[in-house]
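For reference, the chains in residue letters:
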Amino acid sequence: MVLMRRARFNRIIAVSIAGLFIALSGLMFANEPVSAARRSRYSFHKAEKCMMRKINKRRANQGLKRLAWDRQLGYVARKHSRKMSNDRTIYHDSALGQKVTRWRRLGQNVGMGGGCHHLFKTFMRSSPHRHNIMGRWRHVGVGSATKGGTLYVMHVFESKRNPGNVYSYP
């Protein structure tokens, strides 16, 4: 009888300790901000990060504010870049205003080239592209796709709000 009570007591203690551990774990992580990786599996590709870093570095060198990297804009830009790579040509997205939500003013650059560094230099040599890169924006999203060794890129810029998109992702 004593052994049964002791076994029951040990079981109660073990269950209580496990419950306490679960409760404390929940409290430890409850106040942590939700990381981008846990909110969404979407992340920028290497070429997209390279392009956004170059944009912000050039802006900072000119005394302009850095642009916030926006996954919503990036996702729209990536979808368009994939279309361009499949078509093996570049063109602006005439329906961009219907794909991006919560926007006040939008801009876009599209291009194709051998890689991030070469393509960024090409954008900066073009007055309209440079004007967009150095413009009065708050958010940028870059999408890219590679086909046959050619990098297809789209920049999407937004000026005032925290933009979204009509797609269910990211």
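Residues numbered from 1 in each chain as written. Predicted model: local features only at pLDDT ≥ 70, side-chain atom pairs only at ≥ 80, totals over all residues. Heavy atoms only, no water.

**A short note on the state of the cysteines**
- Enumeration over the complete set of coordinates arrives at one disulfide.
- Disulfide partner of Cys50: Cys116, at an S-S distance of 2.1 Å. Between Cys50 and Cys116, the S-S torsion sits near -90°, and that sign places the bridge as left-handed. Here Cys50, found in helix H3 (residues 46-61), pairs with Cys116, found in helix H6 (residues 116-125); they are 66 residues apart in sequence, far enough to count as distant. Residue Cys50 shares its accessibility class with Cys116, and that shared class is buried. (Disulfide = S-S within 2.5 Å. Helix = DSSP H or I, 4+ residues; strand = E, 2+ residues; numbered from the N terminus. Buried < 20%, exposed > 50% of the residue type's maximum accessible area, 1.4 Å probe, protein only.)

**Concerning the sheet that holds strand S1 (residues 68-69)**
- Spatial ordering of the open sheet is given by S1-S4-S5-S3, a layout of four strands whose pairing is mixed. Each edge of the sheet is formed by a strand with only one pairing partner; in this case those strands are S1 and strand S3 (106-113).
- Together, S1, S3, strand S4 (139-147) and strand S5 (150-158) form the strand contacts of helix H4 (residues 71-87), whose direction differs from that of S4 by roughly 25°.
- Where H6 meets the sheet, its contacts fall on S3 and S5, and the angle it forms with S3 comes to roughly 125°. (Pairing = 2+ DSSP bridges. Contact = heavy atoms within 4.5 Å. Axes fitted to C-alpha atoms, helices over the stretch in contact; angles between N-to-C directions.)

**A word on a positive patch on the surface**
- Together, Lys65, Arg104, Arg105, Arg136, Arg138, Lys160 and Arg161 make up a positively charged patch on the protein surface.
- Along the chain, the position of Arg161 falls in the loop between S5 and strand S6 (164-165).
- Among the residues examined, Arg161 registers a relative accessible area of 40% and is labelled partly exposed. (Patch = residues over 30% accessible without salt bridge, like charges linked within 9 Å, V, L, I, M, F, W, Y side chains within 5 Å. Areas by Shrake-Rupley, 256 points an atom, 1.4 Å probe, with all protein chains shown as cover. Salt bridge = Lys/Arg side-chain N within 4 Å of Asp/Glu carboxyl O. Lys, Arg positive; Asp, Glu negative; His and termini not counted. Charge placed at Lys NZ, Arg CZ, Asp CG, Glu CD.)

**Topic: the confidence of the model for the protein chain**
- Averaged over all residues, the pLDDT of the protein chain equals 83, while 76% of them reach at least 70.
- Confidence drops under a pLDDT of 50 for residues 1-9, and excluding neighbours within four residues, the segment shows zero contacts in the predicted structure. (pLDDT = per-residue confidence, 0-100.)

**Remarks on the nonpolar core**
- Counting residues in each nonpolar core, the largest one holds 20 residues, and the members touching the most others are Met51, Ile55, Ile133, Val140, Val142 and Val153.
- Among the secondary structure elements, those contributing two or more residues to this core are H3, H6, S4 and S5.
- Here the element with the most residues in this core is H6; it accounts for five residues.
- In terms of nonpolar packing, the next biggest core, distinct from the first, is built from 10 residues, Leu73, Ala77, Leu96 and Met154 among them. (Core = buried A, V, L, I, M, F, W, Y, C linked by side-chain atoms within 4.5 Å.)

**Describing empty space enclosed by the protein**
- Applying the stated criterion across every chain yields a total of one cavity of 30 Å³ or more.
- One number sums up the size of the largest cavity: a volume of about 30 Å³.
- Val76, Lys79, His80, Lys83, Asp93, Lys99 and Tyr167 together form the lining of the largest cavity.
- It is H4 that contributes the most residues to the lining of the largest cavity, four residues altogether.
- Each residue belonging to the lining of the largest cavity can be placed in one class, and the counts come to two nonpolar, one polar and four charged. (1 Å grid on protein atoms, 1.4 Å probe; cavity = no way out; pocket = protein on both sides within 12 Å on 5 of 7 lines; lining within 4 Å. Points joined across faces, edges and corners; volume = space filled by probe spheres on them. Nonpolar A, V, L, I, M, F, W, Y, C, P; charged D, E, K, R; others polar.)

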